[in-house]
Amino acid sequence: MTSCPACLRPLGQGDLPALAAHLVEEAEESDPAHVRWLNQNLTREKTTAAELVPMLERVYDLGSGTLKGWIKARFIAKFYGPVPHPFVTALQHPSRATLLGYVVEHQHFLRQWVRSCAYIMARTDEPKVILYELDNLNTEYGGAGPTRVAHYELLLRMGESLGLDRTRVLTTPPLPSTREGIEGWNRIATHQHWVAALAAMHSLELIANRNLVDDGASVHYFDPAILDSKEITDAATNFLREGYEADVTHSDEALDLVNEFGSRPDLRDEVQSTFLRSIDLFDDYLLARLQRAADFEA
């Protein structure tokens, strides 16, 4: 099912002409989400639906590669191109304010994350996907006994090590872009096919995948040297190291599952559009971390 990458409206099976017409119609109404998607992904020029179709074909074309490879390439282009995402740049050698902005906004993200994983698990009958999501729930939120601290707890400890009480973290409402992301990911997890939700949520773990530099990323998520220096607190090191080590296998395993279950013709377009929508939400959410950091700097 082809769906719109700006609003996820279903448009028909393999129907890129219908998507092109929809994008033009929404752009003529000056809808911000559709105008933005056109500007960032296709063209800034006023264009007819017929002219958009070959552009969309290039976006959705896997070439001789796989769905997993397409997702990685699109993610790298958006966040790790010659000019990396502003949050990635700030995190290379992060200030206290940058890390605090990370803590306050990310705890909201992680709480939605586990809900999304639970929805995926509940909506599939594939045993390997269920086991994968159970592991995610434990890693991110539940922990795995006294020797393995959940990622969520490590995040709160990072905030405390920087002088921010966890009560304040937990009672601070999310910024609008974070809230919009949470609402968008919740809709994806509850309304899109579970494979599309799997791609939407777990592709985001690519952000901390240290192997992306081998696939063309211009930089790592942060300069790995900070893990072995005293530039950041021990608790911040523990939090960043956990994602740096875990998200390689987490993201690759998830994308292998997406490849296995989402490559069939009746699902692939939906998976691709849902992924594209998710990384736009993620883009704005990462900027919210910087907006919160600016508040701490002030």
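Our structure's up above, just so we're on the same page.
A brief structural summary. Being a predicted model, the structure only gives us computed values, none of them experimental. (Residues numbered from 1 in each chain as written. Predicted model: local features only at pLDDT ≥ 70, side-chain atom pairs only at ≥ 80, totals over all residues. Heavy atoms only, no water.)

Considerations on the environment of Val 213
Heads up, the rule is: Numbering of helices and strands runs from the N terminus, with a helix taken as a DSSP run of H or I at least four residues long and a strand as a DSSP run of E at least two residues long. What makes two residues a contact is simply this: any of their non-hydrogen atoms within 4.5 Å.
Along the chain, the position of Val 213 falls in the loop between helix H11 (194–202) and helix H12 (234–262). With 56 residues separating them along the chain, Val 213 and Asp 269 place their C-alpha atoms 27 Å apart. In contact with Val 213, other than residues within four places in its own chain, are Val 219 and His 220.

Thoughts on the nonpolar core
Here is the rule: Residues belong to one nonpolar core when they are buried, are Ala, Val, Leu, Ile, Met, Phe, Trp, Tyr or Cys, and are joined through side-chain atoms within 4.5 Å. Relative accessibility decides the category of a residue: with a 1.4 Å probe and only protein chains considered, values under 20% of the type maximum give buried, values over 50% give exposed, and everything between is partly exposed.
With 91 residues, the main nonpolar core has Phe 75, Tyr 80, Ile 207, Tyr 221 and Phe 282 as its most contacted residues. Considering every element that reaches this core, the biggest residue donor is helix H6 (residues 96–123), with twelve residues. Not counting chain neighbours up to four residues away, the residues in contact with Tyr 80 comprise Phe 75, Val 88, Leu 206, Ile 207, Leu 212, Gly 216, Ala 217, Ser 218, Val 219, His 220 and Tyr 221.

Focus on the side chain of Thr 172
Formally: Counted as a polar contact is a pair of N or O atoms within 3.5 Å, where, for protein atoms, one must be capable of donating a hydrogen and the other of accepting one, and residues adjacent in sequence contribute only when both atoms are in side chains.
Residue position: Thr 172 is located in the loop between helix H9 (166–171) and helix H10 (176–191). Here Arg 168 takes part through its backbone oxygen, which lies 2.5 Å from a polar atom of the side chain of Thr 172. Aside from chain neighbours lying at most four places away, what touches Thr 172 is Val 104, Gln 107, His 108 and Arg 292.

Some remarks on the state of the cysteines
This is how the line gets drawn: Counting rule for disulfides: a pair of cysteine sulfur atoms within 2.5 Å.
This model, assessed by the stated rule, comprises zero disulfides. In this structure Cys 7 is a free cysteine whose sulfur lies 3.7 Å from that of Cys 4, the closest cysteine sulfur available. Exposure remark for Cys 7: the relative accessible area of 38% places this residue in the partly exposed category.

Side note on helix H3 (residues 49–60)
For clarity, the threshold we go by: How far a helix is expected to stretch is found by multiplying one less than its residue total by 1.5 Å.
The first and last C-alpha atoms of H3 sit 16 Å apart over twelve residues, in line with the 16 Å expected at 1.5 Å per residue. Of the positions making up H3, those classed as buried are Leu 52, Val 53, Met 55, Leu 56, Val 59 and Tyr 60. Considering only its buried residues, H3 is in contact with strand S1 (2–3), helix H1 (16–28), helix H2 (32–41), helix H4 (67–79) and helix H13 (265–297).

Considerations on the environment of Gly 216
Relative to the assigned elements, Gly 216 resides in the loop between H11 and H12. Setting aside anything within four residues of it in sequence, one finds Gly 216 in contact with Ile 76 and Tyr 80.

Some words on the packing of H4 against H13
Angle between the axes and distance between the axes: these two values describe a pair of packed helices. Stated formally: Lines fitted to the C-alpha atoms define the axes, with helices restricted to the stretch that makes contact. Angles between their N-to-C directions range from 0 to 180 degrees. Note on angle classes: values under 35 degrees are labelled roughly parallel, values over 145 roughly antiparallel, values of 65 to 115 roughly perpendicular, and the remainder oblique. Handedness of a crossing follows from how the near helix is turned relative to the far one, being left-handed for an anticlockwise turn of less than a right angle and right-handed for a clockwise one. Under the scheme applied here, ten amino acids are nonpolar (Ala, Val, Leu, Ile, Met, Phe, Trp, Tyr, Cys and Pro), four are charged (Asp, Glu, Lys and Arg), and all others, including Gly, are polar.
Two numbers describe how H4 lies on H13: the axes approach to 11 Å, and their chain directions differ by 25°. Classified by the interaxial angle, the pair formed by H4 and H13 is roughly parallel. Remark: the crossing between H4 and H13 carries right-handed chirality. Here H4 contributes Leu 67, Trp 70, Ile 71, Arg 74, Phe 75, Lys 78 and Phe 79 to the contact with H13, which in turn contributes Arg 268, Val 271, Gln 272, Phe 275, Leu 276, Ile 279, Asp 280, Phe 282, Asp 283 and Leu 286. Per-class residue counts for the contact of H4 with H13 are eleven nonpolar, one polar and five charged.

Let's talk about H10
Because an α-helix packs 3.6 residues into every turn, residues spaced three or four apart end up facing the same way. Compared with an ideal rise of 1.5 Å per residue, which puts 16 residues at 22 Å, H10 spans 22 Å between its outermost C-alpha atoms and is within 8% of the ideal. Those residues of H10 not exposed but buried are Thr 178, Gly 181, Ile 182, Gly 184, Trp 185, Ile 188 and Ala 189.

A look at the pattern of salt bridges
Selection criterion: We count a salt bridge whenever a side-chain nitrogen from Lys or Arg sits within 4 Å of a carboxyl oxygen from Asp or Glu.
Here the structure, examined in full by the defined rule, presents 17 salt bridges. Across the salt bridge formed by Arg 241 and Asp 228, the nearest N and O atoms sit 4.0 Å from each other. Of the two residues, Arg 241 is situated in helix H12 and Asp 228 in the loop between H11 and H12; the sequence distance between them amounts to 13 residues. Via salt bridges that share partners, Arg 36, Lys 78, Asp 280, Asp 283 and Asp 284 belong to a single interconnected network.

Overview of the packing of aromatic side chains
Inclusion rule: In this scheme Phe, Tyr and Trp rings, the latter by its six-membered ring, pair at centre separations within 6.5 Å, and the angle between planes marks the pair as stacked below 30 degrees, edge-to-face above 60, and tilted otherwise.
Applying the stated criterion across every chain yields a total of 17 aromatic pairs. Look at Tyr 102 and Tyr 221: their rings are 6.5 Å apart centre to centre, the planes differ by 75°, and that puts the pair in the edge-to-face class. Linking Tyr 102 in helix H6 with Tyr 221 in the loop between H11 and H12, this pair joins segments that are 119 residues apart in sequence. Judged on exposure class, the residue Tyr 102 and its partner Tyr 221 are both buried. Between the aromatic rings of Trp 185 and Tyr 285, the centroid separation amounts to 6.3 Å while the plane-to-plane angle is 85°, which identifies the pairing as edge-to-face.

Side note on the side chain of Gln 192
In this structure, Gln 192 sits in the loop between H10 and H11. Taking relative accessible area as the criterion, Gln 192 reaches 9% and is therefore assigned buried. Of the polar contacts made by the side chain of Gln 192, one reaches the side chain of Glu 270; its length is 3.2 Å.

Focus: the environment of His 34
When you line up the elements, His 34 lands in helix H2. When its relative accessible area of 4% is taken as the criterion, His 34 is described as buried. Distance from His 34 to Asp 15, taken between C-alpha atoms, is 17 Å for residues 19 residues apart in sequence. Aside from chain neighbours lying at most four places away, what touches His 34 is Cys 4, Ala 6, Cys 7, His 22, Leu 23 and Glu 26.

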